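Below are the chains, spelled out letter by letter.
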Amino acid sequence: MRENVKRHRLCVYIMLATTLLFAVLEFMLHRKVVFMMDDFWYATNLATGEPLATAWDVIQSQVWHYMNWGGRSITHGLLQFTLMGGELFADILNIAMTIALCRLLCVLAGAKNWRSFCTAFILLISLNGDVKLSMFWQSGSANYLYSTGWILLFVLIYMRQVKDPEAKSLKGVCFWIVPLGLISGWSNENMGPASFCLSLIVIGYFAGMLKRKVPIWMWLGSISSICGSILVVAAPGNFVRSAFVEEAPLWKIIYERCLTMLSAGTEVLFPTVLFLLIFLGLYLKLEKRLHPFQIMLLIMAVLAFGAMILSPTFPERATFGIMALGIVLILSFIEGMIQADAGYRKYAFVFYIWMFAFGLYVLTMELRLPLEL
């Protein structure tokens, strides 16, 4: 027994040391990837073309952006503030947001321990379909790394109640769930609407299956979330920009969108789906059934993926939020396996080392390759 405890502690120490090395390499890559591409445009007042100088410039920019280019006002507004802070500020903020997101993934999975945190930190790189443009390019960080954080925070409030229906509502939740729901829906075109759908599923679960009174904050969060999603999709700028897209026959549009969906599902998200299915099978072997919150997160991931059929393009970086949901489920399955049989710790450690080795390869290759603008 004592030997098992010592072996477990040694594994945790190894995971902490290797994760720290990983964090250093990530920061080095952040320093290498300078502001580029869209960053230069967003570093200006979009309405006047002058460099950003004050918060008023950001407000002016986002009003112009909403009317002439697109509806992601929350993420692009935050992006402009980070660009005003300079590259070092943005790099430090990106690392801080990565750490915060990993902690959030663990809490959502019900796996609040160092083993899970280290695994989440590694998986964000190892399972990522487009590491550079979703986490290291500043425009990508704001649109995917940051927005996934507050969307999953919104989801966590609902999942907390699903895990423990008897739990008291969080203090003041009726007040702060509204802005949180609004910015969650007003973030991007797939994870935002998917989080709204999840809130409706939770409301239906409480009212239909549990036969319980639905807390008022759930309704408020759901309403504010759909309002945010409408603001993204119905932005006049979306229609202005679509006017520049070359028209094509309906059959060609359907074919191309199905092709991009197939590519995203079978190539970009394949590692996430593969390990998710492996750990799902092992988990069901021990636990026999899924917890309602796990089923709901699976549904949310499918909805977030399916929502992209409405988008003209499906860039690889847009799978980031779906991948994050996959990581939550993987962590949840691993934790459930270990709770049922401590012997599965060694399999979790082997999985971590495997993902660490691949992630290390990804980071070192990115550090060695010349920066492509």
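All values derive from a computational prediction rather than experimental measurement.

1. Side note on the confidence of the model for the protein chain
Then, number 1: Averaged over the protein chain, the pLDDT score is 86; the fraction of residues at 70 or greater is 91%.
Then, number 2: Per-element confidence in the protein chain is highest for helix α5 (residues 87-109), whose mean pLDDT is 94, and lowest for helix α13 (residues 250-268), whose mean pLDDT is 70.

2. Remarks on the state of the cysteines
Disulfide: a covalent bond formed between the sulfur atoms of two cysteine residues.
Then, number 1: Scanning all chains against the criterion turns up zero disulfides.
Then, number 2: The thiol of cysteine 106 is unpaired, and the distance to the nearest cysteine sulfur, on cysteine 102, comes to 6.9 Å.
Then, number 3: Just so you know, cysteine 227 is unpaired, no disulfide at all, and the nearest cysteine sulfur is the one on cysteine 197, 14 Å from it.
Then, number 4: With a relative accessible area of 37%, cysteine 227 lands in the partly exposed category.

3. Digging into the nonpolar core
Then, number 1: Ranked by internal contacts, the top residues of the largest apolar core, which has 99 residues, are Leu105, Leu124, Leu152, Met159, Leu297, Ile327 and Ile330.
Then, number 2: For leucine 105, the residues in contact, after removing those within four places along its chain, are Ala120, Leu124, Leu152, Ala324, Ile327, Val328 and Leu331.

4. What to know about the packing of α5 against helix α8 (residues 138-163)
Then, number 1: For the pair α5 and α8, the least separation of the axes is 9 Å and the interaxial angle reads 25 degrees. Accordingly, the angle class assigned to the pair α5 and α8 is roughly parallel. Our pair here, α5 against α8, has a crossing hand that is left-handed. Residue-level inspection shows Ala90, Leu93, Asn94, Met97, Thr98, Leu101, Leu104, Leu105, Val107, Leu108 and Ala109 of α5 in contact with α8, the latter providing Gln138, Ser141, Leu145, Tyr146, Thr148, Gly149, Leu152, Leu153, Val155, Leu156, Met159 and Lys163.

5. Things to note about the pattern of salt bridges
Then, number 1: A complete count under the given rule lists four salt bridges for this structure.
Then, number 2: In this structure, arginine 31 and aspartate 91 form a salt bridge, with 2.6 Å as the shortest nitrogen-oxygen distance. Of this pair, arginine 31 sits in helix α1 (residues 2-32) while aspartate 91 sits in helix α5; the two residues are 60 residues apart in sequence, bridging distant segments of the chain.
Then, number 3: Using a relative accessible area of 37% as the deciding quantity, one classes arginine 31 as partly exposed.
Then, number 4: The salt bridge partner of glutamate 335 is arginine 115, with a shortest N-O separation of 2.7 Å. One end of the pair, glutamate 335, is in helix α16 (residues 320-340); the other, arginine 115, is in helix α6 (residues 114-126), and 220 residues separate them in sequence. With respect to burial, glutamate 335 and arginine 115 carry one shared label: buried.

Thresholds, definitions, all that
- Residues numbered from 1 in each chain as written.
- Predicted model: local features only at pLDDT ≥ 70, side-chain atom pairs only at ≥ 80, totals over all residues.
- Heavy atoms only, no water.
- pLDDT = per-residue confidence, 0-100.
- Helix = DSSP H or I, 4+ residues; strand = E, 2+ residues; numbered from the N terminus.
- Disulfide = S-S within 2.5 Å.
- Buried < 20%, exposed > 50% of the residue type's maximum accessible area, 1.4 Å probe, protein only.
- Core = buried A, V, L, I, M, F, W, Y, C linked by side-chain atoms within 4.5 Å.
- Contact = heavy atoms within 4.5 Å.
- Axes fitted to C-alpha atoms, helices over the stretch in contact; angles between N-to-C directions.
- Parallel < 35°, antiparallel > 145°, perpendicular 65-115°, else oblique.
- Left-handed = near helix turned anticlockwise from the far one by under 90°.
- Salt bridge = Lys/Arg side-chain N within 4 Å of Asp/Glu carboxyl O.

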